[in-house]
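Here is how the chains run, residue by residue.
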Amino acid sequence: MPPVEAEPVARVSGGLEGTAFLVTGGGTGIGRACAAALAADGAAVTICGRTAERLEDAAERIAAAAGFGGSVQSVVADVTDEASMQSAVAKAAAGTGALHGCIANAGGGGAMAPYALQEVDEFLRVLHLNVLGTLLCVKHTVPWMRKAGGGSFVGMSSIAGHVTHPYFGAYTVGKAGIEEMMRNAADEYGPARIRFNAVRPGFIATEIMSAIPRDSDVYRSYIENTPLGDVGNGADVAALCRFLVGPEARWVTGTAIDVDGGHHLRRGPSFLQFAEAMHGREGLAGTLAPE
């Protein structure tokens, strides 16, 4: 696999001193970049994920870049387990007695297949990871944000939540669900001064996306459909999330923002090469044009 591109250092400006945030899926990629951006500007950040060693490594990197009194701690938690998330949120709020925001970044995809070949258990697993995981973050952070007098919640969607990605199965459905959850939550909790927004990354150079060979048809389809003609990195997404959770975005709620180099202006990537490798052309019958 090709190496993951280095992440540029985010601009540091302060402004989050005295605040506390939870970042799920904070051990790698976009989540780690988001946590680093918050800690660099003075926030007390708690990262959670399912692998202790990965979280510990991420916490060391984040702590090294923290500024303005910012700090980081980690907690092992599974976003699909309610008791686990309730405990993680309580730990995130323990230092300040309140929570000022959450970046619900944990999520992921599953088996690539057309809908006629989707396995129900796998489909539900992906929906639970993305939709239920985000719901549990909302459910257990809202009381702490109300205690803080307001807050900001960012749900991590994807370009796949609104631009077709054939063979992506439950992932596209899950990300679209997150966006609608953010819209409804923004309406419900606006009176409590809690803002909810979704972020839509395109192709971001992370550990997961490094599995796409740079000489593949899939990678070329991403580049060809991106007006800026490149891929993004974690810091690009982190900069947007940092804005959304901060006071600068006090009047922004209930929206979904693309950070994809303009990819949403064209069409989604083609994963036909991968789908054919898994199922063969005969397995994809009915989804391909007649020969």
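Our structure's up above, just so we're on the same page.
Q: Describe the layout of surface pockets, with residues and values.
A: Take a probe with the size of a water molecule and roll it over the atoms, and the empty space left behind shows itself. As a volume, the largest pocket reaches approximately 1,300 Å³. In terms of lining, the largest pocket is formed by 48 residues, of which the most central are Gly107, Gly108, Gly109, Thr206 and Ile208. Elements supplying a minimum of two residues to the lining of the largest pocket: helix H1 (29-40), strand S2 (44-49), helix H2 (52-65), helix H5 (170-189) and helix H8 (272-283). Looking at which element gives the most residues to the lining of the largest pocket, the answer is H1, with 3 residues.

Q: Describe the sheet that holds strand S6 (residues 194-201), listing the residues and the values that go with them.
A: Spatially, 7 strands are ordered S3-S2-S1-S4-S5-S6-S7 in an open sheet, and the strand pairing comes out parallel. Each of the sheet's edge strands pairs with one partner strand only, and the pair in question is strand S3 (71-76) and strand S7 (256-259). Taking the axes of each pair of neighbouring strands and ignoring which way they run, one obtains an average angle of 20 degrees across the sheet. One ladder, built from 4 bridges, connects S6 with S7; its direction is parallel. Looking at S7, one finds that Arg200 is bridged to Asp258.

Q: Provide a residue-level description of the packing of H1 against helix H7 (residues 234-245), including the pertinent values.
A: Packing of H1 against H7 brings their axes to within 8 Å, and their N-to-C directions diverge by 50 degrees. By the criterion of interaxial angle, the relationship of H1 to H7 is oblique. The hand of the H1/H7 crossing is right-handed. Facing Ile30, Ala33, Cys34, Ala37 and Leu38 of H1, the residues of H7 in contact are Gly234, Ala235, Val237, Ala238, Cys241, Arg242 and Val245.

Q: Lay out the packing of helix H4 (residues 120-147) against H5 with the relevant residues and their values.
A: One way to put it is that H4 packs onto H5 with a least axis distance of 8 Å and a crossing angle of 20 degrees. Taken as axis vectors, H4 and H5 run roughly parallel relative to one another. As for how H4 packs across H5, the hand of that crossing is right-handed. Here H4 contributes Phe123, Val126, Leu127, Asn130, Val131, Thr134, Leu135, Val138 and Val142 to the contact with H5, which in turn contributes Ala170, Tyr171, Val173, Gly174, Lys175, Ile178, Met181, Met182 and Tyr189. The residue inventory of the contact of H4 with H5, partitioned by class, reads 14 nonpolar, 3 polar and 1 charged.

Parameters and conventions
- Residues numbered from 1 in each chain as written.
- Predicted model: local features only at pLDDT ≥ 70, side-chain atom pairs only at ≥ 80, totals over all residues.
- Heavy atoms only, no water.
- 1 Å grid on protein atoms, 1.4 Å probe; cavity = no way out; pocket = protein on both sides within 12 Å on 5 of 7 lines; lining within 4 Å.
- Points joined across faces, edges and corners; volume = space filled by probe spheres on them.
- Helix = DSSP H or I, 4+ residues; strand = E, 2+ residues; numbered from the N terminus.
- Pairing = 2+ DSSP bridges.
- Axes fitted to C-alpha atoms, helices over the stretch in contact; angles between N-to-C directions.
- Parallel < 35°, antiparallel > 145°, perpendicular 65-115°, else oblique.
- Left-handed = near helix turned anticlockwise from the far one by under 90°.
- Contact = heavy atoms within 4.5 Å.
- Nonpolar A, V, L, I, M, F, W, Y, C, P; charged D, E, K, R; others polar.

Taken by themselves, the reported measurements are silent on function.
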